[in-house]
Amino acid sequence: MALASGERGNGFWYEEQVTKELLIKAELRAISFDGQSEFQRIQVIDTVTFGKTLILDDHTQSSAVDEHPYHETLVHPALMAHGAPKTIFIGGGGEGATARECLRWKSVEKVVMCDLDKIACEECRDKLPEWSEGVYEDPRFEIHYEDALAFLRNWDGPKFDVIIMDISDPIECGPGIALYFKEFYEETSRTKMTEGGVFVTQSGACGLLNWHEVFSTIHSTCRSSFKHAHGFFVEIPSYGCPWGFNLCYNNAAFPQPQDWDPKEVDARLSKSIKDIETKPMHAYDGMGHRGMFNLPKWVRDGLAKETRVMTAATPYYMHGRGQLQPPPRVATAPESPFSTPPLPAPGDGKASALVHLLAVAVPGSA
């Protein structure tokens, strides 16, 4: 339904494409930071719908409304699969929220985070302090500002119980494309993870219209690199669609996460999280876990058909209007009761979003 002219807000809007034919739009309240680092454009804005929001190179990364569902989903299933992790590596994670969730675990003794962009991390710490919530003051936390791939390859310290990749989508010009390659997954699991170690990576859009853009290929690559790979997802409104992840391991203390009993998940969380009574989870619990690991039929059918594997020789990437290159697309979108005609070719995903900040300056912005 169209809005009446008197209901359209203050006239300043933020918009971002979800697919070629679809965009999301939110009323803009303020732009608190807009700068350029050596690696990317960094913006922190405030919208009526999503609150404070981090944008990197015109792509929404994190918003106040749904950062907890994203970070709780990325972190806790992986730590639960291990059971009692002591050492954790985070690739990316500049907002500090991934580390925040890791450090809630009683068993954790060391979290090593490596993010390429120091300026982005510092702006997040300054403009979005709720995300990191004291992480930088925690003696268990260690941060390095360099390329995560090179850092891990040169790491000669103790192996990690859990490795978490909270990185940008695989785009053609992005520095992190190799962090999605089969070679990286296999080398990391073989040389940097403990016996029983668990690996998890953010894996792109996982909605009805865009699961085939990158999620299915990342899952196929994980499946070919580890003995076990489990796709899962959660709703992230600021991205315009559900978001996907892949949890991987060769041997884990608590395998097959899709089969975990909700009551057991809740009981284990209560024992593992030091402040869960005073700071309950926003999104993750036993019943939520079960829903996350039960992917919709059209996604499951697509994953079963997907054969592409990302390697140094076949560097598939998000390109142009979200199309995964090089063509052709192997996994086609299955028919679903929600769409009579076949789904369109991949459109603009989060990694190729076009953002318009429809104002030069907003009253009250810095």
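Residues numbered from 1 in each chain as written. Predicted model: local features only at pLDDT ≥ 70, side-chain atom pairs only at ≥ 80, totals over all residues. Heavy atoms only, no water.

*Asks:* Just to check I follow, could you spell out the overall build of the chain for this structure?
*Replies:* Within the chain one finds 10 helices and 15 strands. A burial count over the chain gives 58% of its 366 residues as buried. Considering only contacts within the chain whose residues lie at least 6 apart along the sequence, 69% involve residues at least 24 apart. When the accessible surface of the chain is split by element, carbon and sulfur atoms take 54% of a total near 15500 Å². (Helix = DSSP H or I, 4+ residues; strand = E, 2+ residues; numbered from the N terminus. Buried < 20%, exposed > 50% of the residue type's maximum accessible area, 1.4 Å probe, protein only. Contact = heavy atoms within 4.5 Å. Areas by Shrake-Rupley, 256 points an atom, 1.4 Å probe, with all protein chains shown as cover.)

*Asks:* When you look at the pairing of strand β1 (residues 13-19) in this model, what are you seeing that I'm missing?
*Replies:* Along a regular strand, successive side chains alternate from one face of the sheet to the other. When you tally the buried positions in β1, you get 7 out of 7 residues, the bulk of the element. Judged from the 6 bridges that link them, β1 and strand β2 (residues 22-36) form a sheet pairing that is antiparallel. Bridging across to β2, E15 finds its partner in K25. From the end of β1 to the start of β2, which pair antiparallel, there are 2 residues. (Pairing = 2+ DSSP bridges.)

*Asks:* I'm lost on the nonpolar core in this one. Help?
*Replies:* Side chains of a nonpolar character, in soluble globular proteins, are inclined to be buried together. Core analysis: the biggest nonpolar cluster contains 44 residues, and I88, V111 and I164 have the highest contact counts within it. When residues in this core are grouped by element, the largest group, 7 residues, is from helix α1 (residues 67-82). Filtering out sequence-adjacent residues up to four positions away, I164 remains in contact with L74, V75, L79, I88, F89, I90, G91, T98, C102 and V200. Counting 30 residues, the second largest nonpolar core, distinct from the first, contains L149, L152, I177 and Y180. (Core = buried A, V, L, I, M, F, W, Y, C linked by side-chain atoms within 4.5 Å.)

*Asks:* Explain a negative patch on the surface to me, please; I cannot follow it from the model alone.
*Replies:* A grouping of D261, E264, D266 and D285 is seen on the molecular surface, where their side chains present a negatively charged patch. Along the polypeptide, D266 turns up in helix α8 (residues 262-272). On the accessibility criterion, D266 (32% relative accessible area) is partly exposed. (Patch = residues over 30% accessible without salt bridge, like charges linked within 9 Å, V, L, I, M, F, W, Y side chains within 5 Å. Salt bridge = Lys/Arg side-chain N within 4 Å of Asp/Glu carboxyl O. Lys, Arg positive; Asp, Glu negative; His and termini not counted. Charge placed at Lys NZ, Arg CZ, Asp CG, Glu CD.)

*Asks:* In this structure, what is going on with the side chain of T60? I would like to understand it.
*Replies:* Structurally, the position occupied by T60 is in strand β5 (residues 59-63). Only 2.5 Å separates the side chain of T60 from the side chain of E16, close enough to count as a polar contact. (Polar contact = N/O pair within 3.5 Å; in protein donor to acceptor, adjacent residues only side chain to side chain.)

*Asks:* I would appreciate a short explanation of the pattern of salt bridges in the present structure.
*Replies:* Working definition: two side chains of opposite charge can pair if their charged atoms are close together. A full pass over the atoms with the stated rule returns 18 salt bridges. Of the charged contacts, one joins K297 and D301 as a salt bridge, the two residues approaching to 2.7 Å between their closest N and O atoms. You can see K297 and its partner D301 sitting in helix α10 (residues 297-305), 4 residues apart, about one turn around the helix. D301 sits in the partly exposed class, given a relative accessible area of 26%.

*Asks:* What is the right way to read the sheet that holds strand β8 (residues 141-144) from this model?
*Replies:* The strand order across the open sheet built from 7 strands is β8-β7-β6-β9-β10-β12-β11, with neighbouring strands paired in mixed fashion. For this open sheet the edge positions go to β8 and β11 (228-236), each flanked by a neighbour on one side alone. Sheet twist, expressed as the average angle between the axes of neighbouring strands with direction ignored, equals 15°. Here 5 bridges tie strand β6 (residues 87-92) to strand β9 (residues 160-166), and the two strands are oriented parallel to one another. (Axes fitted to C-alpha atoms, helices over the stretch in contact; angles between N-to-C directions.)

*Asks:* Help me understand α1, please; the structure alone is not making it clear to me.
*Replies:* Helical geometry note: an α-helix holds 3.6 residues per turn, so side chains three or four residues apart project in the same direction. The terminal C-alpha atoms of α1 lie 23 Å apart, and with 16 residues this matches the ideal 22 Å at 1.5 Å per residue to within 8%. In α1, a bend of some 25° at T73 exceeds every other bend along the element, and P77, a proline, comes one to four places later. Where α1 ends, the next residue or the one after it, G83, has phi of about 105°, a positive value. (Expected span 1.5 Å × (residues − 1). Bend = angle between axes of the 7 residues up to and from the residue.)

*Asks:* Explain the environment of I177 to me, please; I cannot follow it from the model alone.
*Replies:* Residue position: I177 is located in the loop between β9 and α6 (182-191). For the pair I177 and L149, spaced 28 residues apart in the sequence, the C-alpha separation amounts to 9.9 Å. Those residues in contact with I177 that lie beyond four places of it in its chain are P170, I171, M310, Y316 and Y317.

*Asks:* I'm lost on the packing of aromatic side chains in this one. Help?
*Replies:* Given two aromatic rings, their pairing is described by the distance between the two centres and the angle made by the two planes. Applying the stated criterion to the full structure yields 15 aromatic pairs. An angle of 55° between the planes, with centres 5.4 Å apart, marks the rings of Y70 and F245 as tilted. On the criterion of sequence distance, the pair formed by Y70 in helix α1 and F245 in strand β12 (residues 241-249) is long-range, its members being 175 residues apart. A residue is classified by how much of its surface remains accessible, and F245, at 0% relative accessible area, is buried. An angle of 65° between the planes, with centres 6.3 Å apart, marks the rings of F184 and F199 as edge-to-face. Highlighted residues: F184 in helix α6 and F199 in strand β10 (residues 193-205), separated in sequence by 15 residues. Taking relative accessible area as the criterion, F184 reaches 3% and is therefore assigned buried. (Phe/Tyr/Trp six-rings, centres within 6.5 Å; stacked < 30°, edge-to-face > 60°.)

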